[in-house]
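Architecture and fold: a report
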Amino acid sequence: MIGSIMGQVALPTKPAVSAEKTVFPILFAISFSHLLNDSIQAVIPAIYPVIKESFRLNFTQIGLITLVFQLTASLCQPFVGLFTDRNPMPYSLAVGMCITLIGLLSLSVANVFPWLLLSVALIGIGSAIFHPEASRVAFLASGGKKGMAQSLFQVGGNAGSAIGPLLAALVIVRYGQSSVSWFAGIALLAICILVILGNWYKKHNVRRTAKAGLELMPGLTKKRALISLGILLVLVFSKYVYMASMSSYYTFYLIEKFHLSVQESQIYLFVFLFSVAVGTFVGGPLGDRIGRRYVIWISILGAAPFTLLLPHVNLFWTGILTVCIGLTLSSAFSAILVYAQELVPGKVGMIAGLFFGFAFGMGGIGSAVLGRLADATSLPYVYNVCSFLPLLGILTVFLPNTPKAK
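Model, not experiment: these values are computed from the prediction.

Glancing now at the overall build of the protein. The helix and strand tally for the protein stands at 17 helices and zero strands. Taken over 406 residues, the protein has a buried fraction of 57%. Taking contacts inside the protein between residues at least 6 apart in sequence as the whole, the part at least 24 apart equals 85%.

This brings us to the environment of V173. Along the chain, V173 turns up in helix α8 (residues 146–175). The exposure class of V173 is exposed, given its relative accessible area of 54%. Considering only alpha carbons, one finds V173 and I47, 126 residues apart in sequence, at a separation of 7.3 Å. When neighbours within four sequence positions are excluded, V173 is seen to be in contact with V50 and A168.

What follows deals with the state of the cysteines. In total, this model carries zero disulfides according to the counting rule given. Here C98 stays free of any disulfide, with the sulfur of C192 as its closest cysteine sulfur at 9.6 Å.

On to the packing of helix α10 (residues 222–258) against helix α17 (residues 379–386), then. Two quantities define a packed helix pair, namely the angle between the axes and the distance from one axis to the other. Two elements in contact, α10 and α17, have axes whose closest approach is 10 Å; the angle formed by their N-to-C orientations is 145 degrees. The handedness of the crossing between α10 and α17 is left-handed. Residues Y242, S245, M246, Y249, Y250, F252, Y253 and E256 of α10 pack against L379, P380, Y383 and C386 of α17.

Relative to the assigned elements, T396 resides in the segment after α17. Within the local environment of T396, its side chain forms a polar contact with the backbone oxygen of G393, the two atoms lying 2.8 Å apart.

Our focus in this paragraph is the packing of helix α16 (residues 348–376) against α17. For the pair α16 and α17, interaxial distance at closest approach is 8 Å and the crossing angle is 130 degrees. By the criterion of interaxial angle, the relationship of α16 to α17 is oblique. Crossing of α16 over α17 shows right-handed handedness. Counting all contacts with α16, which are made through L370, L373 and A374, the residues of α17 involved are L379, Y381, V382, V385 and C386. For the contact of α16 with α17, the per-class residue count stands at eight nonpolar, no polar and no charged.

Tallying each qualifying case throughout the model produces ten aromatic pairs. Consider the rings of Y250 and F272, whose centres lie 6.2 Å apart with planes at 55 degrees: the pair is tilted. In this pair, Y250 is assigned in helix α10 and F272 in helix α11 (residues 262–290), connecting sequence segments 22 residues apart. A relative accessible area of 0% places Y250 in the buried class. Between F333 and F356, the aromatic rings sit 5.3 Å apart at their centres with planes inclined by 65 degrees, giving edge-to-face as the arrangement. A residue pair is termed long-range when its members are at least 10 positions apart, and F333 in helix α15 (residues 332–343) and F356 in helix α16 qualify at 23 residues. Residue class for F356 comes out buried when judged on its relative accessible area of 10%. In textbook terms, an aromatic cluster arises when at least three aromatic residues are bridged by ring pairs, as seen for F130, F153, Y240, F333 and F356. Sitting above the plane of the Y240 ring, K239 keeps its charged end 4.1 Å from the centroid.

As a further point, take the confidence of the model for the protein. Per-chain confidence: the protein averages 84 in pLDDT, with 90% of residues scoring 70 or above. Averaged over each element, pLDDT in the protein is lowest for helix α1 (residues 2–6) (50) and highest for helix α13 (residues 304–309) (97). Here residues 206–215 scores under 50 on pLDDT; set against residues more than four positions off or in separate chains, the count is 24 contacts.

What follows covers the environment of I99. Within the fold, I99 resides in helix α6 (residues 92–109). As for I99 and I123, which are separated by 24 residues in sequence, their C-alpha atoms are 6.7 Å apart.

Here the focus is the nonpolar core. In globular proteins that are soluble, nonpolar side chains generally tend to be buried together. With 114 residues, the main nonpolar core has I30, I65, I172, L232, Y242, I296 and F355 as its most contacted residues. The element best represented in this core is α10, accounting for 16 residues. Sequence-distant contacts of I30, that is, excluding residues within four places in its chain, are made with L93, F130, A134, V137, A138, F153, L194 and L197.

The next point concerns α15. What sets the pattern is the α-helix's 3.6 residues per turn: residues three or four places apart point alike. Taking 1.5 Å of rise per residue, twelve residues should cover 16 Å, and α15 covers 16 Å from first to last C-alpha, within 8% of that figure. Taken as a whole, α15 has its buried residues at A332, F333, S334, A335, I336, L337, V338, Y339, A340, Q341, E342 and L343.

Let's shift gears to α6. With 18 residues, α6 should cover 26 Å at 1.5 Å per step; its first-to-last C-alpha distance of 26 Å lies within 8% of that length. Along α6, the residues classified as buried are S92, L93, A94, G96, M97, T100, L101, G103, L104, S106, L107 and S108.

Definitions and cut-offs
Residues numbered from 1 in each chain as written. Predicted model: local features only at pLDDT ≥ 70, side-chain atom pairs only at ≥ 80, totals over all residues. Heavy atoms only, no water. Helix = DSSP H or I, 4+ residues; strand = E, 2+ residues; numbered from the N terminus. Buried < 20%, exposed > 50% of the residue type's maximum accessible area, 1.4 Å probe, protein only. Contact = heavy atoms within 4.5 Å. Disulfide = S-S within 2.5 Å. Axes fitted to C-alpha atoms, helices over the stretch in contact; angles between N-to-C directions. Left-handed = near helix turned anticlockwise from the far one by under 90°. Polar contact = N/O pair within 3.5 Å; in protein donor to acceptor, adjacent residues only side chain to side chain. Parallel < 35°, antiparallel > 145°, perpendicular 65-115°, else oblique. Nonpolar A, V, L, I, M, F, W, Y, C, P; charged D, E, K, R; others polar. Phe/Tyr/Trp six-rings, centres within 6.5 Å; stacked < 30°, edge-to-face > 60°. Lys NZ or Arg CZ within 6 Å of the ring centre and 35° of its normal. pLDDT = per-residue confidence, 0-100. Core = buried A, V, L, I, M, F, W, Y, C linked by side-chain atoms within 4.5 Å. Expected span 1.5 Å × (residues − 1).

Rendered as structure tokens:
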């Protein structure tokens, strides 16, 4: 799959070139847009309790809704990125958010199950358009500080993922399915911001790429690039499956093993998510400074001692170790994404789509598989199994070095 999407890496192309200086207003705007986009996505799981009762759905049908959203949101991303690499579309971000808006309004009035599926598919398509193109805007505005730019962009998504479920639960659970339309205001705000970003994108991307030529990493062949991309995807797999175990089952683990209340377990989850946000922001700039390969080493393999200890310690050390895990593992993705973009210059959108889509898909699939494993065994057993995933970080030894940011 990687080879077919990647195509002829060594052929001349017109890669995006970053601005000469870091454009922080653009970076903050695209990060805020990411917050809005990911807040909207929280509507889908928040509406499950409402539609399960009103539509009399079983858990298989609920799972099918999730599957449709994940497939459209993840599988479409690399193809969107590949298309826009070849055909720059400065206003595609706003168009994608318009599709999300249509999906929201459709979801608020859907009265049959196929209509629900179509609605979540539209939201997934909007998300699939947003992520690779938004990542490209962050790349363009980076001024060469690509890791920092990607980290700032992703922190916005983390914030949206945290805020969105709270807003959705407060509104949708209280007022029902029709209140989904209220989130159209968030989409409209995002569209306004993305039109402004599209104007900047048009000026800085299309004009600059006409002058650019392909620069492969010294000594890198197409075969080596493909192998390296494969290794990076394995590392993303290890990171996001483990993160799925934490985001989906950490509170249940604390309740089962340490007999905490729901409220107490939520505090521990908040502390973990806060450490994830901090680690996400730190990882990119650190990669700019010391080299992304070293950050990948530290982030993935460095988390292994903490994950291996976690199932065997008391509550106090569980809290400490999960903070360490959040800080280390979350710092990896920015470094991995920018490293991959440096491996394949000129494919900024395709690489962003491939890795965002794969990460999103692995998180969803991992959550489902681990839930099934927990049903068959126990949550402590799940965490014992997952504790070995960061050991896959040893594969980083096979990655070539990339130059540090100037």
